[in-house]
Amino acid sequence: MLTKTFKRGIHPLHNMHEGKGQTRDLKTREYVSDTVVISMAMNIGAPAKPCVKKGDHVDIGQVIGEAQGFMSVPVHASVSGEVVAVDSIPSLGAGNVQAVTIKNDFADTWVELKPLGSVEKVDPSLVVPAIQAAGITGMGGASFPTHVKLTFQAGATCDTIIVNGAECETHLTADYRLMLENSTRIVDGLRAVMRALNVKKGVIGIEDNKPEAITAMINASKGREGVSIRPLKTKYPQGGEKQLIEAITGRQVPSGGLPIAAHVVVLNVGTCAAIADAIIDGKPLISRICTVTGCVRKPANLLLRIGTITEDVIGECGGYSETPGKVVFGGMMTGICIPNDQMPIFKSTNGIVVLNEQQSRSKDESPCIHCGRCVAACPIGLNPYQIKVAADKSDFAAAEKLHVMDCILCGSCAYQCPSRRWLTPSFKYCKDHITAEAKAKAAAAAAAKGGNK
Amino acid sequence: MSLRISTAPHMHNPLTTQRLMQYVFIALLPTAAWGVYAFGLKALLVLILSMASAVLAEYLWQLIAKQPVRIKDFSALVTGLILGLNLPATAPWWMVVVGSVFAVIVVKQLFGGLGDNFLNPAMAARAVLLASWPVHMTSSAFVSPTFFKAGVDAVSAATPLSAKSATLMELFLGQIPGTIGEVSKAAILLGFLFLLITGTISWRIPVVMTGSVFLFSLLIGGMTPEAALMATLSGGVLFGAVFMATDYVTSPITPLAQVFYACMIGLIIVLIRTFGSYPEGVTYGILLMNIATPLIDRFLPRKIYGHQKEAKKA
């Protein structure tokens, strides 16, 4: 099989029997809980504003949070029942976010849906608005509003839609199961976007440690105009947007730019399936597949309603098999730790990985021995050990000069470091600081300009 | 229930600094074993003394300087062993201790400890001993392997560099006078193989360095191929190439930089051997390029994703 890839990278548990082995052969099953807590801030950009109040009855698919502007998507009820609270919950970032709590009446009544019909016949101009109305955000983890990705600024051109089925993260098999079980929907979603943007080429990239998924997607794409499957070398971070683009098109996204600068749009397989659901059935995004694995008694791939509480999910998987140390939303390389198991799942929660106490212990840094493993790993071509020196001194100007802003926070360098140095966390700190500083500067400049008038 | 929180990644490659140092230690064992076999109990005592004083010096320094004690990371032990292997079996005990203490305290700890030294500690210590007590460090101190010539310890013999008396096979197996570690090329290659298999080092520095010594011996030294091969297998070239020039801290990181660095070491060795009055090419070749390493690392540009077009414009 002819496979493509990017430069450098690492191999964490890259054999299917490691990490992913716990769940790869487990068919997706649905689990619906008593109560859901639906966050209003599930996308990058402005959070939605709750438009229901305590005591209201809601149906599945009903808008419970309205989009606030273009960089925002609406939020829908994922179960039918009574709104029991509209309050705030801790967010995964800083501070709190608003959330709507719904008690499920298990009547499963839907709001009236407005399907647009076949993806090959739908009016292309209706597709992008429908995607926003369905509340679709990037489901691979980044939560970027999909309709924003599909709306270009003047002069931008796109010749290829890439669908990300690499799933290079450790442990996760949600995308894999989706590709096996719902292949046609993924192709439908891709076709809808290709037609909406008038793009002739759609490529689905899949790592070659998932031959069954490659076969399933090849079968599903037979006879579909412009759609092809591209096997990729199994290597982390193959599913990183920039690495995927380089592997498939040979192009690089210019530093600081978006994929569209390389004339490409990248969508996750889950996002594509959600787009197909929105067009064909008129259904908004109310559920997703989530891999629950690690230290749980019965690992599973579950179809979960958005807002299902982690504790309930773990309970459905037989409970913790050991005292948990960390619970991670996402994979081991880029996943985010949740503070407690009352956290509900988001549109982007592709996995819940439970680590035991021993796996969770933080490692002490020892001195850098200049071994160069970080340099050999970095898919961007940075010198992580040098940036770390700057970061340790909080010398942000030096870090920026060493191109820390090009870092994609994939964690490859930190994974490889034999001295267990906190490379990726330091770079995140630098990036956050530099971004915040630039924002503050821009705001100050804007204020000064306003003052002059 | 409270859970731990940290930034990703949440898992690591099991390879640690300690493990890497252990690999280097293991890779040195064949060489050490041959040295003890060839030069007798005296060699063993030199090795034990150099390791013990290196580890003790590091321990005491870290205790006095109120630093976390890191002797468990094996790095001082490896430094001690490498230094010991760089000494003749006849080295007096006080010289071994001075060398180890100098390596660990002056070269390593005074510059910030593990990872911050700009010279290879064992190599720098060897250079100091060489300059201070040449009688104990050069050919006059070298004895023939005990089993190999009946003359035993008391008889001193010239190194093959000054008098080409040994055959190629004797050179390769280590049936020649020299320091404890440098004589057996076979044992060194065994260690090299182990370092390659465990992924501890890449082949680049050792192969390019020995290759360039051979090549420059032909070109600059004006030697016949056979003489150049003898020159490459003589002295500490192979030991230096496998165990000293590859020291992570004092060698460059990117492949291209490593090739350049190793090539330059080879050139300096041949220049010193050909035109110098001192037969210590390997020591100074490696030390000089150690010093140049930060410069090489800084000035060999790398291609960064998404930056190519800018570079072309500029």
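Residues numbered from 1 in each chain as written. Chains lettered and ligands numbered in written order. Predicted model: local features only at pLDDT ≥ 70, side-chain atom pairs only at ≥ 80, totals over all residues. Heavy atoms only, no water.

**Q** Account for the overall build of chain A, with residues named and values stated.
**A** The secondary structure content of chain A amounts to 14 helices and 17 strands. For chain A, whose C-alpha radius of gyration is 22 Å, the value lies close to the compact-globule estimate of 22 Å for 453 residues. In terms of its C-alpha atoms, chain A occupies a principal-axis envelope of roughly 65 × 60 × 50 Å. Every one of the 453 residues in chain A was classed for burial, and the buried ones make up 56%. (Helix = DSSP H or I, 4+ residues; strand = E, 2+ residues; numbered from the N terminus. Rg over C-alpha atoms; globule rule 2.2 N^0.38 Å. Buried < 20%, exposed > 50% of the residue type's maximum accessible area, 1.4 Å probe, protein only.)

**Q** Please give an account of the sheet that holds strand S10 (residues 201-207) of chain A that cites residues and values.
**A** Strand pairing within a sheet occurs via backbone hydrogen bonds; the two strands may be parallel or antiparallel. Residues and elements named next belong to chain A. In space, the four strands of this open sheet follow the order S11-S10-S9-S12, with parallel pairing throughout. The sheet terminates laterally at strand S11 (227-232) and strand S12 (264-268), the two strands that pair on one side only. Taking the axes of each pair of neighbouring strands and ignoring which way they run, one obtains an average angle of 25 degrees across the sheet. Across six bridges, the pairing between S10 and S11 is parallel. (Pairing = 2+ DSSP bridges. Axes fitted to C-alpha atoms, helices over the stretch in contact; angles between N-to-C directions.)

**Q** Explain the packing of aromatic side chains residue by residue, including any values.
**A** Overall, the coordinates contain eight aromatic pairs over all chains when judged by the stated rule. Consider the rings of Phe329(A) and Phe346(A), whose centres lie 6.0 Å apart with planes at 75 degrees: the pair is edge-to-face. With a gap of 17 residues between them, Phe329(A) in strand S15 (residues 324-329) and Phe346(A) in the loop between strand S16 (336-337) and strand S17 (351-356) connect regions that are remote in the sequence. For the pair formed by Phe329(A) and Phe346(A), the shared burial category is buried. Measuring from ring centre to ring centre gives 5.8 Å for Tyr23(B) and Phe194(B), while their planes differ by 80 degrees; the resulting arrangement is edge-to-face. Placement of Tyr23(B) in helix H1 (residues 17-39) and of Phe194(B) in helix H8 (residues 185-197) is noted, with a sequence separation of 171 residues between them. Owing to a relative accessible area of 18%, Tyr23(B) belongs among the buried residues under this scheme. Directly above the ring of Phe6(A) sits Lys235(A), whose terminal nitrogen or CZ lies 4.5 Å from the centroid. (Phe/Tyr/Trp six-rings, centres within 6.5 Å; stacked < 30°, edge-to-face > 60°. Lys NZ or Arg CZ within 6 Å of the ring centre and 35° of its normal.)

**Q** Before we move on, can you summarise the nonpolar core with the specific residues and values?
**A** Core analysis: the largest hydrophobic core is formed by 82 residues, its most contacted members being Leu28(B) and Phe243(B). Of all the elements, H1(B) adds the most residues to this core, at 11 residues. Within the second largest apolar cluster, 44 residues are counted, among which are Ala134(A), Ile214(A), Ile229(A) and Ala274(A). (Core = buried A, V, L, I, M, F, W, Y, C linked by side-chain atoms within 4.5 Å.)

**Q** Lay out the side chain of Thr79(B) in plain terms, naming residues and giving numbers.
**A** Residues and elements named next belong to chain B. Inspection of the secondary structure puts threonine 79 in helix H3 (residues 75-85). When its relative accessible area of 11% is taken as the criterion, threonine 79 is described as buried. Not counting residues within four places of it along the chain, the set of residues in contact with threonine 79 comprises Ala103, Pro121 and Ala122. (Contact = heavy atoms within 4.5 Å.)

**Q** Let's hear about the environment of Cys272(A): which residues, and what values?
**A** Residue and element names in this part refer to chain A. With respect to the helices and strands, the residue cysteine 272 is situated in helix H7 (residues 269-281). Given the relative accessible area of 0%, cysteine 272 is considered buried. Separated by 104 residues in the primary sequence, cysteine 272 and alanine 376 place their C-alpha atoms 34 Å from one another. Those residues within four positions of cysteine 272 in sequence are excluded, and the remaining contacts are Val163, Arg185, Ile186, Gly189, Leu190 and Leu267.

**Q** Can you tell me about the sheet that holds S16(A), naming the residues and giving the values?
**A** All names here are of chain A. The six strands lie next to each other as S1-S14-S13-S17-S15-S16, forming an open sheet whose pairing is mixed. The open sheet terminates on both sides in strands that have one partner only, identified here as strand S1 (29-31) and S16. Where S15 and S17 come together, five bridges link them in antiparallel fashion. Bridge pairing in S17 links lysine 326 to leucine 355.

**Q** Please set out the interface of chain B and chain A residue by residue, giving values where relevant.
**A** Taken residue by residue, the interface counts 37 residues in chain B and 64 residues in chain A. Between chain B and chain A, a total of about 4,200 Å² is buried, with carbon and sulfur atoms accounting for 57% of that surface. It is Arg4(B), His10(B) and Tyr305(B) that lose the most area in chain B upon contact with chain A, and together they represent 21% of the buried surface on that side. Across the chain B-chain A interface, the total number found is one salt bridge. Notably, a salt bridge pairs Arg4(B) with Glu357(A), separated by 2.7 Å at the nearest N-O pair. Of all the elements in the fold, those that place two or more residues in the side of chain B that touches chain A are H1 and helix H14 (308-313) of chain B. For the side of chain B that touches chain A, the class distribution of residues is 15 nonpolar, 16 polar and six charged. (Buried area = accessible area lost by both parts, 1.4 Å probe. Salt bridge = Lys/Arg side-chain N within 4 Å of Asp/Glu carboxyl O. Nonpolar A, V, L, I, M, F, W, Y, C, P; charged D, E, K, R; others polar.)

**Q** Any details on the pairing of strand S7 (residues 81-90) of chain A? Residues and values, ideally.
**A** All names here are of chain A. Taken together, the two bridges between strand S4 (residues 57-58) and S7 define a ladder with antiparallel strand orientation. Note that in S7 the partner of histidine 57 across the bridge is glutamate 82. Across nine bridges, the pairing between S7 and strand S8 (residues 96-104) is antiparallel. Looking at S8, one finds that valine 83 is bridged to isoleucine 102. Counting the residues between successive antiparallel strands, the hairpin from S7 to S8 contains five residues, one of them, glycine 95, with a positive phi of roughly 75 degrees.

**Q** Explain empty space enclosed by the protein to me, and be specific about the residues and the numbers.
**A** Empty pockets left among the atoms are what a rolling probe the size of a water molecule brings to light. Throughout the structure, instances matching the rule amount to seven cavities of 30 Å³ or more. Counted as a void, the largest cavity has a volume near 330 Å³. Lining the largest cavity are 23 residues, with Met21(B), Val78(B), Ile82(B), Asp247(B) and Tyr248(B) sitting closest to its centre. Elements with a contribution of two residues or more to the lining of the largest cavity: H1, H3, helix H5 (121-132) and helix H11 (237-244) of chain B. Per-element tally for the lining of the largest cavity: the top contributor is H3(B), with four residues. Lining the second largest cavity are 15 residues, with Cys368(A), Cys371(A), Cys374(A), Tyr385(A) and Cys417(A) positioned closest to its centre. Along the lines of polarity and charge, the residues of the lining of the second largest cavity split into nine nonpolar, three polar and three charged. (1 Å grid on protein atoms, 1.4 Å probe; cavity = no way out; pocket = protein on both sides within 12 Å on 5 of 7 lines; lining within 4 Å. Points joined across faces, edges and corners; volume = space filled by probe spheres on them.)

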